[in-house]
Structure formats: C-alpha cells, structure tokens
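Listed here are the chains, written in short residue letters.
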Amino acid sequence: MPNTEFKRRMNDRLDRWYKGASPHEDPKKQQRRKYIAGLVNKTAMFNYAARLDLPLPERFAEVSQLEEMDFTTLPERVVIKPNNAANNDGVLLFDGPREVFSGDEVPLAERASYTLQRYAGSSFIKGNSKIIAEEFIQDFAPSYTVPRDFKVYVAGGRPWVIQVVNRVGPKADWSHRYYSQDWVPYDHFQRENALAPVDDKPMHFDQLLELSTRIAQDINCFMRLDFYITAQRVVFGEFTSYPNAGLQFTQVGNNVLCDLMDRYPDPF
C-alpha cells in the first residue's frame, strides 16, 4: 500500500528524535526531545514511572547479560524481554512449564537454556541491551491467556484514540480494534491485524484515561502509551514514539493521527 502522510511524519520523527537530524535551536528543548525519545527504553521508562508513581508490572530482575539471570528465583508466571526491543521481539511469556506465544513445553529447570537458545544470534539484542524479568500480567478477562494491550494515543496533554490488541493464539489470528476516547469504535484504522469485533468499554476505563492524561500532561507531545488492565487496576507497560513505524494505517487512521499532530504539535 502507498505510504501515508503519517508514515512520512514518523520517518521524520525517527530522523530527528533518534538520528540527530535537525536539532532544535534551543538547547534545552533539544535536551527535552532526547529525554522524551529515550523513554522507549524500558529501563529509562521504569525510572520515569517511579517518579510519576505509575503502576507497573512487578520487576523481578534486570541484567546486562542473559547468563546473569537466576531463573531459579523467578515465579512460575514471568515475562522475559529485552529493555530496548520492539514488536514483541525477544518477549517470552512463561506460564508454568509452557511458553505461551510459541506453545512450547518448557520445564522450569530448562527455562534458562531455552531462553539462551531463543536469544542466540538474535538481531534484537544490541550492545547496550539489558534483559528484564517481570510480572506476567493477567487480563481482567481470564479467557485472555495473553493480556490485551490497551494502547492510548495522546497529544496536547490528553488521550484521544485507544487501540485494543488481542494476541491470543497464532500471530495470524491476532486482532485489534481502534476506539475514540469516548469508546466509539472505528471500523478500519490500521491493517496490521484482523479487525476485532466491537467490545464493551473495559473495566477500569476511567483509570485508563486518568493515567493517560497524567502522562500526556507531563510529556506534552504526541505519543502512544501502552497499558494492561487487570481485575484490580490499570498497569502501565511502555512508551511507543514510532507506532508501527507508521505502516499499515488506513486513510482514516492517517487523517485522525495527522490531525492530532497538527492541532497539538510537539513543543520540541
């Protein structure tokens, strides 16, 4: 499909935020840009979340080398992932003797060797990568063995668009649906996954909006904020500054997101 204006804007952001192109003439604003851009790193995000008192998955370990991870101390349900990868690269979901995404049977005693094998020769591990072990969140609806992502697009200090992603089963079966901040569904916003049926407003929806607003007012720029929702609370997952690399957005998605960026331009 042809590139959209949103794709062009995401490429421009990649160049300015991460490749050093066109630095801001105000050094303080350039420094702010680099700080916000760096929040996609999960270690930096963890420190940011602590400052804003954001609810996070419990973190069990963070190591510089996978060989340093003591798997014997980890709970039966645990997520292993790099701190600076994207698109679920390197994310392993262990639920007892099973890795959920692959369906592989992995006895607890073999988790370390299995993870080393999965990570061996991988392109998503970089020289500065760290490996995180954290809580495997349970979705508020127990039928979702992989918790759904509630991805909130913010701009101008408030939430506007919410994407709900279902990753249960093979990747070919993954689905999603976009909603407005008032939970009005869009039909075709992005083509990456199959279109999910319209769902009811989720549990703790007001808390999702409150946390999104708190972060949006602090960062004051266009960003996607990724959350999970458990039976007890909303949990913050990560920042995404380059959503889906700008790819696969329909003209509806392109128009909505570009309009947000036009009405609420980044201050840096």
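Note: the structure precedes this text.
Residues numbered from 1 in each chain as written. Predicted model: local features only at pLDDT ≥ 70, side-chain atom pairs only at ≥ 80, totals over all residues. Heavy atoms only, no water.

What to know about the overall build of the chain
The number of helices and strands found in the chain is six helices and 10 strands. For the chain, whose C-alpha radius of gyration is 19 Å, the value lies close to the compact-globule estimate of 18 Å for 268 residues. Across its three principal directions, the C-alpha atoms of the chain cover 55 × 45 × 40 Å. Each of the 268 residues in the chain was classed as buried or not, and the buried ones make up 50%. Excluding contacts between residues fewer than 6 apart, the proportion of contacts in the chain whose partners are at least 24 apart in sequence is 58%. For the chain, the exposed surface amounts to about 12800 Å²; the carbon and sulfur share of it is 49%. In the chain, 33 positive and 36 negative side-chain charges are present, and the distance between their average locations comes to 6 Å. (Helix = DSSP H or I, 4+ residues; strand = E, 2+ residues; numbered from the N terminus. Rg over C-alpha atoms; globule rule 2.2 N^0.38 Å. Buried < 20%, exposed > 50% of the residue type's maximum accessible area, 1.4 Å probe, protein only. Contact = heavy atoms within 4.5 Å. Areas by Shrake-Rupley, 256 points an atom, 1.4 Å probe, with all protein chains shown as cover. Lys, Arg positive; Asp, Glu negative; His and termini not counted. Charge placed at Lys NZ, Arg CZ, Asp CG, Glu CD.)

Topic: the packing of helix α1 (residues 5-18) against helix α6 (residues 251-263)
In the contact formed by α1 and α6, the axes pass within 8 Å of each other and the chain directions differ by 50 degrees. The orientation of α1 with respect to α6, classified from their angle, is oblique. Residues Glu5, Phe6, Arg9, Met10 and Arg13 of α1 lie in contact with α6, whose contacting residues are Asn254, Leu257, Cys258, Met261 and Asp262. For the contact of α1 with α6, the residue count by class is five nonpolar, one polar and four charged. (Axes fitted to C-alpha atoms, helices over the stretch in contact; angles between N-to-C directions. Parallel < 35°, antiparallel > 145°, perpendicular 65-115°, else oblique. Nonpolar A, V, L, I, M, F, W, Y, C, P; charged D, E, K, R; others polar.)

Let's talk about α6
Its 13 residues place the ends of α6 18 Å apart at the C-alpha level, agreeing with the 18 Å of an ideal helix rising 1.5 Å per residue. Three or more residues of α6 are buried, namely Gly253, Asn254, Leu257, Cys258, Leu260 and Met261. Buried residues along α6 cover an arc of 150 degrees about the axis, so they all sit on one side. Buried-residue contacts for α6 involve α1, β5 (149-155) and β6 (158-166). (Expected span 1.5 Å × (residues − 1). Arc of directions from axis to C-beta.)

Let's talk about the sheet that holds strand β10 (residues 234-240)
One key point about sheets: their strands pair by backbone hydrogen bonds, in either a parallel or an antiparallel sense. Sheet architecture is open: six strands sit in the order β8-β7-β6-β5-β9-β10, paired in mixed fashion. Each edge of the sheet is formed by a strand with only one pairing partner; in this case those strands are β8 (194-195) and β10. The sheet contact formed by strand β9 (residues 223-229) and β10 spans six bridges and is antiparallel. Bridged to phenylalanine 227 within β10 is phenylalanine 236. Contacts from helix α5 (residues 205-219) reach β5, β6, β9 and β10, with the element oriented near 150 degrees to β9. (Pairing = 2+ DSSP bridges.)

With respect to unusual backbone geometry
Here asparagine 220, not a glycine, exhibits a phi torsion of approximately 55 degrees, which is positive. Relative to the assigned elements, asparagine 220 resides in the loop between α5 and β9. Asparagine 220 gets classed as partly exposed once you look at its relative accessible area, which sits at 37%. Positive phi is not limited to glycine here, since asparagine 244 has a value of about 55 degrees. Locating asparagine 244 in the fold gives a position in the loop between β10 and α6.

Details of the sheet that holds strand β3 (residues 92-95)
Spatial strand order, β1-β4-β2-β3: four strands in an open sheet with antiparallel pairing. In this open sheet, the two strands that pair with only one neighbour each are β1 (59-63) and β3. On average, each strand axis in the sheet is inclined to that of its neighbour by 15 degrees, with strand direction left out of account. The pairing of β1 with strand β4 (residues 131-135) spans four bridges and is classified as antiparallel. By the bridge assignment, glutamate 62 is partnered in β4 with isoleucine 132. The strands that helix α3 (residues 42-52) touches are β1, β2 (77-82) and β4; relative to β1, the one it contacts most, it runs at about 135 degrees. Packing against the sheet, helix α4 (residues 111-119) makes contact with β2, β3 and β4, and its axis sits at approximately 160 degrees to β3.

Observations concerning the side chain of histidine 176
Residue placement: histidine 176 occurs in strand β7 (residues 175-180). The exposure class assigned to histidine 176 is buried, which follows from its relative accessible area of 2%. Within polar-contact distance, the side chain of histidine 176 engages the backbone oxygen of glutamine 190 at 3.0 Å. Ignoring any residue separated from it by four or fewer positions in sequence, one finds histidine 176 in contact with Gln163, Val164, Val165, Gln190, Glu192, Asn193, Ala194, Leu195 and Ala196. (Polar contact = N/O pair within 3.5 Å; in protein donor to acceptor, adjacent residues only side chain to side chain.)

Considering the state of the cysteines
Inspection of every chain in the model, using the stated rule, returns zero disulfides. Cysteine 258 provides the cysteine sulfur closest to cysteine 221, a residue in no disulfide bond, and the two sulfurs are 16 Å apart. (Disulfide = S-S within 2.5 Å.)

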